[in-house]
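Now for the letters of each chain:
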Amino acid sequence: MESDYRVKLEVFEGPLDLLLYLIKKEEVDIYDIPIERITNQYMEYLTIMQMLNLEVAGEFLVMAATLMYIKSRMLLPADQQVIDTEEDEGEDPRWELIRQLVEYKKFKDAALQLSRREEEQSNIFARRGEVGIEVDASKAPLAEVSIFDLINAFNDVLKKATARDDFHEIVEERFTVSDKIEEILYTLRDRTVILFSALFAQATSRAEIVVTFLALLELIRLKRLKVRQDQAFGEIHVIKVA
Amino acid sequence: MTLELKKIIEALLFAAERPLTTKEIRQILAEATDEENPGVAESFRNVREAQVAAALEELKIETDAAQHSFQVVEIAGGWRLVSRAEYAPWLKKLLDEARPHRLSQPSLETLSIIALRQPISRADIAAIRGVEVDGVIKTLLERDLITIVGRSDVPGRPLLYGTTQRFLEHFGLRDVDDMPKAAELRLQAAALKTAEEKVEKTQAGPPVPPENQDERQTTTAPQQD
């Protein structure tokens, strides 16, 4: 696949965000994380992010190593484990990670409540002296749908596509992000909304799916399109910005 | 006298372009002069701060009861007259402002951490979030929501950050203790260290969080603070 674009996402989320997302998605108990399952999911996501040429921060890789380490410690019988003299004996290898996740989650909850307060405050006005409002138009986050939701949806599309009979792995045509951008805009010329999955209905190869996805990300960044989800982990709607 | 004091204070709040503290109001009352009616201004010279506070509380109750389109609120350490949310559409049109963009999730998280753990260094913030925070800190500094409040004593003497007055106003908070989850998360650095050490010593079996078991609830259904 030739990429004339290297799509860089402005929203910078990290490994703890991804883990909390997976914990929620898999509906597991944060205090008793099934390490093997979560590690596998985590690695799958990492692979996709790298496949898409997304900038994967070093912290993601460090966390991958940490998860592997914890997993290995939990698999080995106690007498074969190397006892790390710095840690207490008998300590659950997941403890530090869980502590970190629980704390982070609390701050995330606080942030959510702050967000609601921000919303409330935006409807309340007082006498103003100088209006010193800065409009920071350059930072437009993927607020309503997280990057992990998009990757999740992308993964679904990829899985469904590879299951089809007429799906090729060998690239016959060259797809560029620019072309796909034009194509998506053309598809939306008479309509305002389209389902995420519908954008990939005509794709015949993995490369085409990837390039289409990158084009979508770019259009979001350019604020030509926005994405919304009605329910958590539900279908994603792609909406044309007026 | 109480009646008129309330009205004077109401007038002050009406004209002020920022929240006024009870202290400031008391000072205004102590220093204001009225050449045409010297006696009247005189009579408020010795009003105490406690009286101002009481008058403000009464004013707040009365304004709510009379269902005025405005309300008296405590915000950012002071008092202010603000409109009610129902009138937002028309006020937005009138003021025709470009309101600042809503903050992104990473910004809000970083801001929460700083607000609840200040003063705090960049490295400690990053440790909690699990990622670098350089870009976010730059944005928050630019928007005057955080500021540098000092330097740490540890080697390297990194900068410490804290929240600003504007932060309180932006989110409609009275003070930092008014933050969501303040009771749970607002630990001084020293207390946090002690808590960590205590947990490590008593650690055995399945992990139990440092706070009580009820915290388990927060992970499946966020508590309404």
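Residues numbered from 1 in each chain as written. Chains lettered and ligands numbered in written order. Predicted model: local features only at pLDDT ≥ 70, side-chain atom pairs only at ≥ 80, totals over all residues.

Participant: How should I be thinking about the overall build of chain B in this particular structure?
Facilitator: Within chain B one finds 12 helices and 5 strands. A buried classification covers 27% of the 225 residues belonging to chain B. Of the contacts formed within chain B by residues at least 6 apart in sequence, a portion of 51% connects residues at least 24 apart. (Helix = DSSP H or I, 4+ residues; strand = E, 2+ residues; numbered from the N terminus. Buried ≥ 20, exposed ≤ 12 C-beta atoms within 10 Å, placed from the backbone. Contact = placed C-beta atoms within 7 Å.)

Participant: Honestly, the confidence of the model for chain B in this entry has me stumped. Any pointers?
Facilitator: When pLDDT drops low, the exact placement of atoms in the prediction is not to be read closely. All names here are of chain B. Confidence in the prediction of chain B, expressed as mean pLDDT, is 82, and 80% of residues score 70 or more. Confidence drops under pLDDT 50 across residues 211–225; counting only partners more than four residues distant or on other chains, this segment forms 14 contacts. Among the prediction metrics, the complex's ipTM stands at 0.73, with pTM recorded as 0.67. (pLDDT = per-residue confidence, 0-100.)

Participant: What should I look at first to understand the nonpolar core in this one?
Facilitator: One broad trend across soluble globular proteins is that nonpolar side chains are buried collectively. Leu 19 and Leu 101 of chain A together with Ile 114 of chain B are the most contacted members of the largest nonpolar core, which totals 49 residues. Here this core takes 9 residues from helix α4 (residues 95–121) of chain A, the largest share from any one element. Once you skip the residues sitting within four places of it in the chain, Ile 114 of chain B turns out to touch Ile 120, Ile 125, Ile 146, Tyr 161, Gly 162 and Thr 163 of chain B. Core analysis: the next-biggest nonpolar cluster, separate from the first, contains 27 residues, Ile 184, Val 211, Ile 220 and Val 227 of chain A among them. (Core = buried A, V, L, I, M, F, W, Y, C linked by C-beta atoms within 7 Å.)

Participant: Hey, could you run me through the sheet that holds strand β3 (residues 236–240) of chain A in this one?
Facilitator: Strand pairing in a sheet relies on backbone hydrogen bonds, with the paired strands running either antiparallel or parallel. Residues and elements named next belong to chain A. Taking strand neighbours across the sheet as the criterion, the 3 strands line up as β1-β3-β2 in an open arrangement whose pairing is antiparallel. Looking along the sheet, the strands with just one partner apiece sit at the ends: β1 (193–195) and β2 (225–229). When the angles between neighbouring strand axes are averaged without regard to direction, this sheet yields 30 degrees. The sheet strands contacting helix α7 (residues 206–221) are β2 and β3, and the helix crosses β2 at an angle near 105 degrees. (Pairing = 2+ DSSP bridges. Axes fitted to C-alpha atoms, helices over the stretch in contact; angles between N-to-C directions.)

Participant: Is there a simple way to explain the pairing of β2 of chain A in this structure?
Facilitator: Consecutive side chains along a regular strand alternate between the two faces of the sheet. Residue and element names in this part refer to chain A. Taken together, the 5 bridges between β2 and β3 define a ladder with antiparallel strand orientation. Looking at β3, one finds that Leu 225 is bridged to Lys 240. Here β2 folds back onto β3, and the loop between the two strands holds 6 residues, one of which, Phe 233, carries a positive phi near 60 degrees.

Participant: Mind showing me how you'd approach the pairing of strand β1 (residues 70–75) of chain B here?
Facilitator: All names here are of chain B. Bridge count for β1 against strand β2 (residues 78–83) is 6 bridges, and the pairing is antiparallel. Residue pairing in the sheet places Ile 75 in a bridge with Gly 78 of β2. Between β1 and β2, which follow one another and run antiparallel, lie 2 residues, and Ala 76 among them has a positive phi close to 50 degrees.

Participant: It is not clear to me how the sheet that holds strand β5 (residues 159–163) of chain B should be interpreted in this structure. Could you clarify?
Facilitator: Residue and element names in this part refer to chain B. Strand order in the open sheet formed by 3 strands is β3-β5-β4, with antiparallel pairing between adjacent strands. Both outer strands of the open sheet, β3 (120–121) and β4 (146–151), are each paired with one neighbouring strand and no more. One ladder, built from 2 bridges, connects β3 with β5; its direction is antiparallel. If you follow Ile 120 over to β5, its bridge partner there is Tyr 161.

Participant: Just checking my understanding: could you explain helix α2 (residues 35–51) of chain A for this structure?
Facilitator: The periodicity of an α-helix, 3.6 residues per turn, causes residues three or four positions apart to be oriented the same way. Residues and elements named next belong to chain A. The first and last C-alpha atoms of α2 sit 24 Å apart over 17 residues, in line with the 24 Å expected at 1.5 Å per residue. Within the sequence span of α2, burial applies to Ile 38, Thr 39, Tyr 42 and Tyr 45. The buried residues of α2 occupy an angular sector of 125 degrees when the element is viewed end-on, so they sit on one face. Along α2, exposed side chains directed more than 90 degrees from the buried face belong to Arg 37 and Thr 47. Where α2 is buried, its residues touch α1 (15–26), α3 (58–75) and α5 (147–162). Note on α2: the residue one or two positions beyond its end, Asn 53, has a positive phi of about 60 degrees. (Expected span 1.5 Å × (residues − 1). Arc of directions from axis to C-beta.)

Participant: Please clarify how helix α8 (residues 134–142) of chain B should be interpreted in this entry.
Facilitator: Residues and elements named next belong to chain B. Listed as buried for α8 are Val 136, Ile 137, Thr 139 and Leu 140. In a view along the axis of α8, the buried residues occupy a sector of 160 degrees, so they form one face of it. Structural note: α8 exposes Asp 134, Lys 138 and Glu 142 on the side pointing more than 90 degrees away from its buried face. Taken from the residues just after α8, Asp 144 is the one with a positive phi, measuring 60 degrees.

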